[in-house]
Amino acid sequence: MTDGRLDPYRLPEESLRSIAAGDARAPELRLLRSAQRSHLLLVLRSLVDHSGVARARPPRVGAAAPRLGAVASAEAAWCLLAAVQRGDPGAVDAVLADPMVMAWAMRLLRRLRGVGRGAAPSASSAAPLWADVGQLYALAAAAALRAGRDAVVGVPAHRGMVWVPGAGVVGPLSARRWSGAEVRVAAHGAVVRGEGGEVRLPRDLGESAPGWQPLPVLWSAAPWSEEPGAALRFDTVTPYRDFVVSPRAPVRMAGRRSGLWRERVAGACALLTRESPADAVRLAALVRVLVPRAFAASTRGQVASSSSPDAFGAVTLSLPYDEAQMAATLVHETRHQQLNALLSLVPLVREPDAGGGRPLHYAPWRSDPRPVHGLLHGVFAFAGVARFWRLHREFVTGDEARRADFEFAVFRDQVREVAAALLAGAELTAAGRLFVEEIAAAAEGWAKEDVMAEPARLAAHYCALRRAVWRARHLEFDGEAARRAAAARAAGEAAGPLPGSRLRPRPDAIRTDTFGHVVRLYLGTPDEFARRWRKADAAGDVVVGAECAAVAGDADGAARRYAAWAEAEPDDVEAWIGAVLADPGRSAAGELLLGRPEAVAAVRRAAAAEGGEPPGPLELARWLRGAVAAPGGESGESGDSR
């Protein structure tokens, strides 16, 4: 510090390039962690400053029990934290390293600011304000506990459970939704007492004990981390583990399911250690907690995972289907952790003009349109995933090698496309352009690498399918232009120029992707793919049946099934797109339908509105293919970019 002012963080251009290229080294990782810790300390200090807006007092534990204290006295918790910090900095560091501390603190700060302005309480927290603020005491108690410092601290209990940040939860100590409890730390050990009983904590907080639920270690990150005792933990108990709603009660996971998580994470981390040690280092440095989430996905289906800038070091995810997918998911989310921390230091995206919304864009890995921040996160995260599969394919053979080639081919092409789109726009800052240029350079190099023929075919099909289906769902062709085109065709005239289309997001039109699932079955588990195909045909599922035939290269079978799909759902543009992509002798009309499916669909609807049988999609595309795009292109603007 100088002159009583905080020294700002500075990120050298070399470090920015290193992070962008996916080569963040120890100095960059230390900088990102340090910046996030400083951010958290500022937030905690701000919480103390804002806590005077709340005057409610928490309940008493009992006649002899101390109050938590008025919420306005949060300064006492801060002072205890500071005292422990002076005697045992590592104890405070261990508490503050819990990502859920930041998750709680950021929500509470927004809530307190709203209360201070007379706004309604935040809908994201179901806790009474005294309990939310009272978690400052839980931080202080956890720090005193780790340091072995004598203390008696009143803390809140949710459904009788007391949060010990960085370690686990105690209880239940009460049957009520919210109550008070007391943490007493002394030389002989620590006891947590509530209105329904007490729990003596073990000396080693990593051990289970009656009434004590620690955060189990999934992977010891110590060999790969500069921080002593670093580990990747599993969190099903802390009240602030949900990125959307808090607090959450603990969830018990069956032993078999818990064992599966342990095996899959351990296997994935071992895989990274063997095949991509640099990714293991970044995982160890930046991710502290995995939070399981429910997600209805079939074998080799999608994984739901997410990170939040409000919870640096935490990742929520559904259970990936094998070690390789788990490893790819961990790499993906580690990239999000890096970018979240980086964006707190360097603006990579320009602020929109006053009153202007942010344009939305096509993101190949998403079914919905995304603002540029989402596009930037996606391109950086999936660049990491592409590199993972690029490395992984060198270590595997057979079906797993075919699968790895497919994943690499898909993600390298998607990253290349999005990086080019970002660089063609004007939404990035100078630092943002430099950042994306590094990603684009890597993707250009990957484009020159060989991929087996069949995975390459399927990757090209998949990327083209997602792009065309996204257009059909979310781009709107001008209705008047469609009516003019339909009238011209009815009059036997040539097609005129096609105007651009306007983005109009339609979340109601999104269908769960099954094609990628089918491809991964085909490449990774051929027997399971064959069973899935037979099951689809037996059930009359023309959608999955058509996709299975297309994936297997059965052009005639795919044509029959896509025709049945289109007959059953004449206006489902996805059936038309699939039929074109499955045809090895694709015509110019087919190329137009893939490039402008929303225009073909709009003109067809206009023709049908005039009465009579509407023309077939390819027949209409043949008539439209002579049209030249009108000046002005397409609009990516949307009235709401949230």
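Our subject is the structure that appears above.
What you see is a predicted model; the values in this text were computed from it and never measured.

Conventions and cut-offs
Residues numbered from 1 in each chain as written. Predicted model: local features only at pLDDT ≥ 70, side-chain atom pairs only at ≥ 80, totals over all residues. Heavy atoms only, no water. Helix = DSSP H or I, 4+ residues; strand = E, 2+ residues; numbered from the N terminus. Contact = heavy atoms within 4.5 Å. Areas by Shrake-Rupley, 256 points an atom, 1.4 Å probe, with all protein chains shown as cover. Pairing = 2+ DSSP bridges. Axes fitted to C-alpha atoms, helices over the stretch in contact; angles between N-to-C directions. Core = buried A, V, L, I, M, F, W, Y, C linked by side-chain atoms within 4.5 Å. Buried < 20%, exposed > 50% of the residue type's maximum accessible area, 1.4 Å probe, protein only. Expected span 1.5 Å × (residues − 1). Arc of directions from axis to C-beta.

Engineer: Before we go on, may I ask you to explain the overall build of the protein in this structure?
Structural biologist: Counting its regular elements, the protein contains 22 helices and 14 strands. Taking contacts inside the protein between residues at least 6 apart in sequence as the whole, the part at least 24 apart equals 69%. As presented, the protein carries roughly 27,400 Å² of accessible surface, and 52% of it is formed by carbon and sulfur atoms.

Engineer: How should I be thinking about the sheet that holds strand β9 (residues 231–234) in this particular structure?
Structural biologist: Strand-to-strand pairing in sheets goes through backbone hydrogen bonds, with the strands running parallel or antiparallel. Across the sheet, which stays open at both edges, the 5 strands sit in the order β8-β9-β10-β12-β11 with mixed pairing between neighbours. Every interior strand has two partners, whereas the edge strands, β8 (217–220) and β11 (305–306), have only one. Packing of helix α7 (residues 255–275) onto the sheet brings it into contact with β8, β9, β10 (289–292) and β12 (314–317), and relative to β8 it is tilted by some 15 degrees.

Engineer: Would you take a moment to explain the nonpolar core for this structure?
Structural biologist: In globular proteins that are soluble, nonpolar side chains generally tend to be buried together. Judged by nonpolar contacts, the single largest core of 134 residues is most densely connected at L290, L342, W389, L422, F435, I577 and L624. Beyond its immediate stretch of four places on either side in the chain, W389 contacts A324, A328, E400, R403, A404, E407, F408 and F411.

Engineer: Please explain the sheet that holds strand β2 (residues 162–164) as it appears in this structure.
Structural biologist: Pairing is antiparallel across the open sheet formed by 3 strands, whose spatial order is β2-β3-β7. Strands at the two margins of the open sheet, each flanked by one partner only, are β2 and β7 (212–214). Sheet twist, expressed as the mean angle between neighbouring strand axes with direction ignored, is 20 degrees. With 3 bridges connecting them, strand β3 (residues 168–170) and β7 associate as antiparallel partners.

Engineer: Explain helix α16 (residues 526–538) to me, please; I cannot follow it from the model alone.
Structural biologist: If you check α16, its first and last C-alpha atoms are 18 Å apart, about what 13 residues at 1.5 Å a residue would give, namely 18 Å. Turning to α16, its buried residues number three or more, namely F529, W533 and A536. Buried residues along α16 cover an arc of 65 degrees about the axis, so they all sit on one side. Facing away from the buried side of α16, by more than 90 degrees, are the exposed residues D527, R534, K535 and A538. After α16 finishes, the residue G540 shows a positive phi value of roughly 70 degrees.

Any link to function would need more than the numbers given here.
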